[in-house]
Amino acid sequence: MTESDTVIETYKDRFAEAMMKSAPTPLRLLERGLGCYVWDSDQNQYLDFLGGIAVNSLGHAHPALVDAVSNQVALAAHVSNYFATAPQIELAERLLRLSGAGDDGRVYFGNSGAEAIEAAVKLARRNNQHGRIIALHHGFHGRTMGSLALTAKAALREPFEPMLPGVEHIEATVLAIEAAFAEHQPVAAVVMELIQGEAGVVELDQEFIVRARELTAQHGALLIIDEIQTGAGRTGDWFAFQGAGIVPDAIAVAKGIAGGVPIGALITFGAASDLFTVGQHGSTFGGNPLATAAGNAVLGEIERAGLLENAAFRGGQLKSAILKLQHPLVHEVRGRGLLLGVGLTDDVAHAVAARALDLGLIVNAANDTTIRLAPPLIIGDAEVEIFIDIFARALEEAQ
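Because the structure is a prediction, the values reported are computed rather than measured.

Participant: Go over the overall build of the protein chain with me, naming the residues and quoting the values.
Facilitator: Of the regular secondary structure elements, the protein chain holds 13 helices and 17 strands. Here the protein chain has a C-alpha radius of gyration of 21 Å; the compact-globule value for 399 residues is 21 Å, and the two agree. Across its three principal directions, the C-alpha atoms of the protein chain cover 65 × 55 × 45 Å. Here the analysis covers contacts within the protein chain between residues at least 6 apart in sequence; of these, 69% occur between residues at least 24 apart. Surface summary for the protein chain: the accessible area is close to 17800 Å², and the carbon and sulfur share equals 54%. The average position of the 28 basic charges and that of the 47 acidic charges among the side chains of the protein chain differ by 2 Å.

If you want it as structure tokens, here you go:
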């Protein structure tokens, strides 16, 4: 056994002994990152085209984020929610501006996407305590009990049943949502992703999205959009709903908002902003100065550097380059901006992802037939070229 093998066994053994058994065996022991690259404990370099699953908007160790966090932690990392801080207020105002919620909108800060969804569930109950919450088959909203109730995947839900009552799952079709609203029991809210990332980067049909907005408005239900994976400019818009031509009642955001510092938020629009009253929801760490300073730095840099436009351009560039390979395993490329799913013709996505990792590229098998891409928004021609070279080799060698 080589020294490298010993290191691998040591960290895997330590991980297995210390971490809860719900955590899978780690693929590598990563030590550092810079830009679009990370390095493991053996100093092997990897092009990161997963970005912490759509988290590392600015890549790794971006000066804007490093400076903001370093400066803020030297001032105050945390204060209780009995007090306000300037970064907290600034980030709330920034999110209201970027989302278009404006003066009538409000922001609730948590620490994760799942917490943002939990806040959304409580908002739905405040809208109609006895109404149903409609979610979609193939959707994923998190693993806490409230967010898991909205998640349709049986394998995730069954070990923890009974779930939160009053949640109903439907197919993402006009017929199904019209039938849901035709039932006697009222609907409190419809919660959905416009691009279902965990399902393989599957976009909802535009006609369904518009009809969902019409029905929720007509029946006094909330339309809540899960923007956890699609927000912070990833799709080429600040938020995916902006490219769909609708205005929701609330959006849940997290992941890329602070570029790797844990944060989540629920942003409300219009009348939905008046549903919570003092004391009805809260979080010890939510909106603390460290996380919100990070959020301001990341969103500010995305805006300053024109990274929305880059996401849109690079997404098109990647789609074209992948399809140009004309590889028999590649069926299609789904998604928008820099949230893409490469649909494969065979159940080899996990083998492709594993081979790509061996070759120095991090991608993700969202399911057996889909490779998910969510690289940093800063990628350029060089990263696209390297990705295509390694990905083509991974496709060839995984057959």
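Participant: I'd love a proper account of the environment of leucine 290, names of residues and values included.
Facilitator: Within the secondary structure, leucine 290 sits in helix H10 (residues 289-304). When the C-alpha positions of leucine 290 and isoleucine 263 are compared, they lie 9.9 Å apart, and in sequence the two are 27 residues distant. Filtering out sequence-adjacent residues up to four positions away, leucine 290 remains in contact with Val69, Gln72, Val73, Ala76 and Ala77.

Participant: I'd love a proper account of the sheet that holds strand S3 (residues 45-48), names of residues and values included.
Facilitator: Read across the sheet, four strands follow the order S1-S2-S3-S15 without closing on themselves; strand pairing throughout is mixed. Edge positions in the sheet fall to strand S1 (30-34) and strand S15 (361-362), since each has one partner strand and no second. Examined bridge by bridge, S3 and S15 share two bridges and lie parallel to one another. Bridged to aspartate 48 within S15 is isoleucine 362.

Participant: Describe in detail the environment of leucine 361, supporting the description with residues and values.
Facilitator: Here leucine 361 is to be found in strand S15. As a C-alpha pair, leucine 361 and leucine 58 span 303 residues in sequence and 18 Å in three-dimensional space.

Participant: How would you sum up the pattern of salt bridges? Please name residues and give values.
Facilitator: Under the criterion given, the structure shown has 15 salt bridges. Two residues, arginine 211 and glutamate 214, come together in a salt bridge whose shortest N-O distance is 3.0 Å. With arginine 211 and glutamate 214 both in helix H9 (residues 206-219), this residue pair falls three residues apart, about one helical turn. With relative accessibility at 36%, the residue glutamate 214 sits in the partly exposed group. Salt bridges linked by common partners bring Arg28, Arg355, Asp358 and Glu397 together as one network.

Participant: Which residues make up the packing of aromatic side chains, and what are the values?
Facilitator: With the rule as written, the count across this model stands at four aromatic pairs. Measuring from ring centre to ring centre gives 5.7 Å for phenylalanine 241 and phenylalanine 269, while their planes differ by 90°; the resulting arrangement is edge-to-face. You can see phenylalanine 241 sitting in the loop between strand S10 (222-226) and strand S11 (250-253) and its partner phenylalanine 269 sitting in the loop between strand S12 (264-268) and H10, a full 28 residues away along the chain. For phenylalanine 269, a relative accessible area of 6% corresponds to the buried category.

Participant: Which residues make up the sheet that holds strand S13 (residues 330-336), and what values go with them?
Facilitator: Ordered in space as S13-S14-S17-S16, the four strands form an open sheet in which the pairing is antiparallel. Strand pairing shows two members of the sheet lacking a second neighbour, S13 and strand S16 (364-367), which therefore form its edges. In this sheet, neighbouring strand axes are inclined to one another by 30° on average, regardless of whether the strands run parallel or antiparallel. Pairing of strand S14 (residues 339-344) with strand S17 (residues 370-373) involves four bridges; the strand directions are antiparallel. The residue bridging glycine 341 from the neighbouring strand is arginine 372, located in S17. Lying on the sheet, helix H11 (residues 307-324) is in contact with S13, S14 and S17; it crosses S13 at an angle near 175°. Strands S14, S16 and S17 of the sheet are contacted by helix H12 (residues 349-359), whose axis makes an angle of about 170° with S16.

Participant: How would you explain the pairing of S3 if you had to name every residue and give the values?
Facilitator: The pairing of strand S2 (residues 37-40) with S3 spans three bridges and is antiparallel. If you follow tryptophan 39 over to S3, its bridge partner there is glutamine 45.

Participant: Could you give me a rundown of the side chain of arginine 314, with the residues and numbers involved?
Facilitator: You can see arginine 314 is positioned in helix H11. With a relative accessible area of 12%, arginine 314 lands in the buried category. A polar side-chain atom of arginine 314 sits 3.3 Å from the main-chain carbonyl oxygen of isoleucine 379. Among all residues touching arginine 314, those that are not within four sequence positions of it are Leu338, Ile379, Gly380, Asp381 and Val384.

Participant: I'd like a rundown of the nonpolar core, residues and numbers included.
Facilitator: Core analysis: the biggest nonpolar cluster contains 86 residues, and Met192, Ile371 and Phe387 have the highest contact counts within it. When residues in this core are grouped by element, the largest group, eight residues, is from helix H13 (residues 381-398). Every residue in contact with isoleucine 371, bar those within four places of it in the chain, is listed here: Leu340, Gly341, Val342, Leu344, Ala349, Val352, Ala353, Val363, Asn364, Ala365 and Phe391. Listed in part, the 23 residues of the second largest apolar core include Ala188, Ala189, Ile228 and Ala272.

Participant: Any details on the side chain of aspartate 48? Residues and values, ideally.
Facilitator: If you trace the backbone, aspartate 48 turns up in strand S3. Despite its burial, aspartate 48 remains without a salt bridge, the nearest opposite charge being carried by arginine 234 at 9.0 Å. From its side chain, aspartate 48 meets the backbone nitrogen of leucine 50 in a polar contact 3.0 Å long. Contact partners of aspartate 48, with chain neighbours within four places excluded, come to Cys36, Val38, His60, Ile362, Pro375 and Pro376.

Participant: Outline the packing of H11 against H13, listing residues and values.
Facilitator: H13 packs onto H11 with a crossing angle of 30° between their chain directions and a minimal axis gap of 11 Å. Of the possible angle classes, the one that applies to H11 and H13 is roughly parallel. Here the hand of the crossing between H11 and H13 comes out right-handed. Residues Arg314, Gln317, Leu318, Ala321 and Ile322 of H11 lie in contact with H13, whose contacting residues are Asp381, Val384, Phe387, Ile388 and Phe391. Grouping the constituent residues of the contact of H11 with H13 by class yields seven nonpolar, one polar and two charged.

What counts, and where the lines are drawn
Residues numbered from 1 in each chain as written. Predicted model: local features only at pLDDT ≥ 70, side-chain atom pairs only at ≥ 80, totals over all residues. Heavy atoms only, no water. Helix = DSSP H or I, 4+ residues; strand = E, 2+ residues; numbered from the N terminus. Rg over C-alpha atoms; globule rule 2.2 N^0.38 Å. Contact = heavy atoms within 4.5 Å. Areas by Shrake-Rupley, 256 points an atom, 1.4 Å probe, with all protein chains shown as cover. Lys, Arg positive; Asp, Glu negative; His and termini not counted. Charge placed at Lys NZ, Arg CZ, Asp CG, Glu CD. Pairing = 2+ DSSP bridges. Salt bridge = Lys/Arg side-chain N within 4 Å of Asp/Glu carboxyl O. Buried < 20%, exposed > 50% of the residue type's maximum accessible area, 1.4 Å probe, protein only. Phe/Tyr/Trp six-rings, centres within 6.5 Å; stacked < 30°, edge-to-face > 60°. Axes fitted to C-alpha atoms, helices over the stretch in contact; angles between N-to-C directions. Polar contact = N/O pair within 3.5 Å; in protein donor to acceptor, adjacent residues only side chain to side chain. Core = buried A, V, L, I, M, F, W, Y, C linked by side-chain atoms within 4.5 Å. Parallel < 35°, antiparallel > 145°, perpendicular 65-115°, else oblique. Left-handed = near helix turned anticlockwise from the far one by under 90°. Nonpolar A, V, L, I, M, F, W, Y, C, P; charged D, E, K, R; others polar.

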